[in-house]
Amino acid sequence: RGFLPAGSNIMQITSKKTPMAEPVKSKGTFAFVSLGCPKNLVDSERMLGKLAQDGYTLTANAEGADLVIINTCGFIEPARQESLGVIREMLDLKEQGKLGAVVVAGCLAERKGDALLEEIPTVDHILGVHAREEIVQIINRTLSKKAADEQRSVFRPAPVKAQEDTGRFRITPRHFAYLKISEGCDRLCTFCAIPSMRGKHVTKPMEEVIREAKELAADGVRELLVVAQDTTYYGLDLYGEVRFAALLRELEKVDGIEWIRILYAYPIFFTDELIEVIASSKKIVPYLDMPLQHINDRVLRRMQRKVRRADIETLLAKLRAAIPNLAFRTTFIAGFPGETEEEFQELLEFVKQAKFERLGVFTYSLEPGTPASRLEDHLPEEVKTARQNALMALQQPIAFEWCQSQLGKEIEAIVDGPDLEVPGQFRGRTFADAPDIDCLIRLKGKGLRSGDIVRTKITGTDGYDLAGRVISIR
């Protein structure tokens, strides 16, 4: 996702700006590339908003711009390679005289530190995750050419209170937005480097979250996607107890918001109160994203997930019983160090029985500095890939079966825009589909607009996707 020259492998998207004072005179032009997860996207939108407010002009083409900012991902090796590839692509434009400065921000910068400048010395400036609020000062200095004689990197300690995310220049379509409710993570999963990049969990006060939600609603948002490193942990550090259920109750009261979607939940702290709030809500869609990572108890201990198979199965049973038509998304890691063939077969059998509506699989990525990197019995890449493929092959007919089960039903969907492949039709998402990661529904109907929430009758399937005829619009 980002603003890049035509032909880039990163999707170019249009922007919808949160209302703010229009600058009188542009201080310069900049392009922006946002990589990685939705939490990183919120950081991007905050930086874009601050630059727009200060008088900089965003352009959709890096060629000819005064500078480009790349907000990078550093989570796993493929993401780091993608980030480095984009950086080098921009530096090539700079070397050809088609672009001014190149500024690198985000998780890769935070993780590598000044070593990134040693690796790619022609980058003009780097700033870590927690320095995002200083983006205007950094760009001012970069464009004034003072950076060459000063320190070219800015890193700040993780904040002890959550940074606000208001005043964003949004690069999602107008009708949906991500709402980040906390920063950092207190989980110490042995495979994960996020705490080292993002710091400890810091809850955003409830009143600030609600203020941001109201700002987004006023800007046309109808679907809120609630994100954090661990949404179910919300409130424990600030209030002494988890308050995610209470937060959801308050979000339901925000006028203009019609759909609320929960991402990045964790099995621990998923209380009966939270289940009841989701089950009884008229706005929270029956969709839950909860990365489980594995099911075998020994592997879960080595991952330091602090949850057992029995706990997971009990929670899944409660959720299925309480929330009708629940669409459950999860992810698993294939080939964790020491995973035996028997333990992998246990995971396969669990997936077969659980029948998750949505499922993704990552191969284990060795992350330097993490406890898992020091474990014994790392598996060959070909074994990890074979296990990933086996899981996905098992999941495919389960997903197709769910699609077939929707035929003839009347369900709600949200319209994302015209279907560029089929003139006269529209693309949307059902309650079971989050943007970018899940499936789509092709809609037949008249007078549809992006952001419409429609009642549709399911008339067909195409692999993972659905087709429907619009019955009514609300």
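Residues numbered from 1 in each chain as written. Predicted model: local features only at pLDDT ≥ 70, side-chain atom pairs only at ≥ 80, totals over all residues. Heavy atoms only, no water.

Peer 1: In this structure, what is going on with the packing of helix 13 (residues 341-354) against helix 14 (residues 381-405)? I would like to understand it.
Peer 2: Two packed helices can be described by the angle between their axes and the distance between those axes. For the pair helix 13 and helix 14, interaxial distance at closest approach is 10 Å and the crossing angle is 15°. The orientation of helix 13 with respect to helix 14, classified from their angle, is roughly parallel. Along this stretch, helix 13 crosses helix 14, giving a crossing that reads as right-handed. Mapping the contact onto sequence places Glu341, Phe344, Leu347, Leu348, Val351 and Lys352 in helix 13 and Arg387, Ala390, Leu391, Leu394, Gln395 and Ile398 in helix 14. Residues that form the contact of helix 13 with helix 14 fall into these classes: 8 nonpolar, 1 polar and 3 charged. (Axes fitted to C-alpha atoms, helices over the stretch in contact; angles between N-to-C directions. Helix = DSSP H or I, 4+ residues; strand = E, 2+ residues; numbered from the N terminus. Parallel < 35°, antiparallel > 145°, perpendicular 65-115°, else oblique. Left-handed = near helix turned anticlockwise from the far one by under 90°. Contact = heavy atoms within 4.5 Å. Nonpolar A, V, L, I, M, F, W, Y, C, P; charged D, E, K, R; others polar.)

Peer 1: Would you explain the packing of helix 12 (residues 309-322) against helix 13 in this entry?
Peer 2: Two elements in contact, helix 12 and helix 13, have axes whose closest approach is 13 Å; the angle formed by their N-to-C orientations is 10°. With respect to their mutual orientation, helix 12 and helix 13 come out roughly parallel. Note on element contacts: helix 13 touches helix 12 through Glu346, Phe350, Gln353 and Ala354, opposite Arg309, Ile312, Glu313, Leu316 and Arg320. In terms of residue class, the contact of helix 12 with helix 13 is built from 4 nonpolar, 1 polar and 4 charged.

Peer 1: Can you help me understand the sheet that holds strand 5 (residues 101-106) in this one?
Peer 2: As a general point, the strands of a sheet are linked pairwise by backbone hydrogen bonds and lie either parallel or antiparallel. Taking strand neighbours across the sheet as the criterion, the 6 strands line up as 3-2-4-5-6-7 in an open arrangement whose pairing is parallel. Looking at strand neighbours, the two that pair on one side only are strand 3 (56-58) and strand 7 (153-154), the edges of this open sheet. Two elements, strand 2 (residues 28-34) and strand 4 (residues 67-72), share 5 bridges in a ladder whose sense is parallel. In the sheet register, Val33 faces strand 4, and the bridge partner there is Ile70. In this fold helix 2 (residues 77-95) packs onto strand 2, strand 4 and strand 5, with an angle of close to 175° to the strand it touches most, strand 4. (Pairing = 2+ DSSP bridges.)

Peer 1: Please clarify how the nonpolar core should be interpreted in this entry.
Peer 2: Side chains of nonpolar character tend, in soluble globular proteins, to be buried together. Counting 55 residues, the largest nonpolar core has Leu248, Leu251, Phe270 and Leu319 as the members making the most contacts within it. In this view, Leu251 contacts Leu179, Val209, Ile210, Ala213, Leu224, Val226 and Ile260; residues no more than four positions away in its chain are not counted. Judged by nonpolar contacts, the second largest core, of 50 residues, contains Leu67, Tyr178, Ala432 and Ile453. (Core = buried A, V, L, I, M, F, W, Y, C linked by side-chain atoms within 4.5 Å. Buried < 20%, exposed > 50% of the residue type's maximum accessible area, 1.4 Å probe, protein only.)

Peer 1: What is the right way to look at the pairing of strand 4 in this model?
Peer 2: Side chains on a regular strand alternate between the two faces of the sheet. In terms of residue burial, strand 4 counts as a mostly covered element, since 6 of its 6 residues are buried. The alternating pattern of strand 4 places Leu67, Ile69 and Asn71 and Val68, Ile70 and Thr72 on opposite faces, both of which are buried. Relative to strand 5, strand 4 runs parallel, the two being bridged by 6 bridges. Bridge pairing in strand 5 links Leu67 to Ala101. Crossover handedness for the path strand 4 to helix 2 to strand 5: right-handed. (Right-handed = clockwise from strand over helix to strand, strands pointing away.)

Peer 1: Can you help me understand empty space enclosed by the protein in this one?
Peer 2: Which parts of space are left empty comes out when a probe the size of a water molecule is rolled across the atoms. Applying the stated criterion to the full structure yields 3 cavities of 30 Å³ or more. If you add up the space inside the largest cavity, you get close to 70 Å³. In this structure, the largest cavity is lined by Arg132, Pro159, Lys161, Ala162, Gln163, Asp165, Lys180, Ser182, Glu183 and Lys204. (1 Å grid on protein atoms, 1.4 Å probe; cavity = no way out; pocket = protein on both sides within 12 Å on 5 of 7 lines; lining within 4 Å. Points joined across faces, edges and corners; volume = space filled by probe spheres on them.)

Peer 1: It is not clear to me how helix 5 (residues 135-143) should be interpreted in this structure. Could you clarify?
Peer 2: Because an α-helix packs 3.6 residues into every turn, residues spaced three or four apart end up facing the same way. Among the residues making up helix 5, those that are buried are Ile135, Val136, Ile138, Ile139 and Thr142. Within helix 5, the buried residues cover an arc of 165° as seen down the axis, which keeps them to one side. In this structure, the buried side of helix 5 is in contact with helix 1 (38-53), strand 3, strand 4, strand 5, strand 6 (125-127) and strand 7. (Arc of directions from axis to C-beta.)

On their own, these measurements won't tell you what the molecule is for.
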